[in-house]
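What the coordinates show
As a plain string of letters, each chain reads:
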Amino acid sequence: FKRSNAGMFDIPFLIASSVFSSVSALKNFTSVSSCDNSSRSGFTIIEQNKIKFVKWSNYKTLEYANEYNTSMFRTSKNGKIVVFNRESDKTDNKIVVLGNNGKVKYEVQYKGIISDIALLGRHIYCISDTTVSLYDKTGNLLRDGSCGYGAIRFSVISEYALAVITDTDIQKTELLAK
């Protein structure tokens, strides 16, 4: 491992399989912050300002690069959602939705500090400050609801309701139509 100047590590990834007679280096990725293997067709490498999807079958790599830094990555059965923001301005965000195959479905600009984010169907759920919001794929606000101070994470209960985890409890939040 080699430490990069951004505090992350340069890591050679190794793939071990009973199909191969030995362990072989697949690729070197730089500034890796996380790895996700929730897709059956491949895995995702999260780097400082890139997302790389590597197919298991042929190790072909799809890459999405951004001038902003990667700040959040979540997966769902509908795909992957990534938040990129400026290191100097956490309120200047680009939200990118990827399919399970690693291809970009759409991108949305967002102003505000994002505490948590989720993808369900064609909707983006987001906590910013004291509000939980529901957006469509073009970034239009469809519904929102108050979640109070200290909201850290959430889980989607139904299309218009969330369980919001705060510093001290878990509360149900209904999203009201705009």
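Keep in mind it's a predicted model, so treat the numbers as computed, not measured. (Residues numbered from 1 in each chain as written. Predicted model: local features only at pLDDT ≥ 70, side-chain atom pairs only at ≥ 80, totals over all residues. Heavy atoms only, no water.)

**Let's talk about the overall build of the chain**
- Of the regular secondary structure elements, the chain holds zero helices and 18 strands.
- By the burial criterion, 43% of the 178 residues in the chain qualify as buried.
- Summarising the internal contacts of the chain: among those between residues at least 6 apart in sequence, 29% fall at separations of at least 24.
- Summed over all atoms, the accessible surface of the chain reaches about 9900 Å², with 49% contributed by carbon and sulfur. (Helix = DSSP H or I, 4+ residues; strand = E, 2+ residues; numbered from the N terminus. Buried < 20%, exposed > 50% of the residue type's maximum accessible area, 1.4 Å probe, protein only. Contact = heavy atoms within 4.5 Å. Areas by Shrake-Rupley, 256 points an atom, 1.4 Å probe, with all protein chains shown as cover.)

**Quick look at unusual backbone geometry**
- Positioned with a positive phi, D129 is a non-glycine residue whose angle comes to about 60°.
- For D129, the location among the structural elements is in the loop between strand 12 (123–128) and strand 13 (131–135).
- On the basis of relative accessibility, which here comes to 57%, the residue D129 falls in the exposed class.

**Description of the sheet that holds strand 15 (residues 153–158)**
- The three strands are arranged 15-16-17 in an open sheet whose pairing can be described as antiparallel. Each edge of the open sheet is held by one strand with a lone partner, namely strand 15 and strand 17 (170–174). On average, adjacent strands in this sheet sit at an angle of 25° to one another, irrespective of strand direction.
- One ladder, built from five bridges, connects strand 16 (residues 161–165) with strand 17; its direction is antiparallel. (Pairing = 2+ DSSP bridges. Axes fitted to C-alpha atoms, helices over the stretch in contact; angles between N-to-C directions.)

**Notes on the sheet that holds strand 14 (residues 141–146)**
- Strand order in the open sheet formed by five strands is 11-12-13-14-18, and the pairing between neighbours is antiparallel. Taken across any chain shown, the strands that pair with only one partner, and hence form the sheet edges, are strand 11 (116–120) and strand 18 (176–177).

**Here we look at the pattern of salt bridges**
- Applying the stated criterion to the full structure yields eight salt bridges.
- A salt bridge links E47 to K52, with the nearest nitrogen and oxygen atoms 3.0 Å apart. Side by side, E47 and K52 carry an identical accessibility label, which is buried.
- K111 is paired through a salt bridge with D92; the nearest N and O atoms lie 3.0 Å apart. Of the two residues, K111 is situated in strand 10 (residues 104–111) and D92 in strand 9 (residues 89–98); the sequence distance between them amounts to 19 residues.
- Among the charged side chains, a salt-bridge network with shared partners connects E47, K52 and E63. (Salt bridge = Lys/Arg side-chain N within 4 Å of Asp/Glu carboxyl O.)

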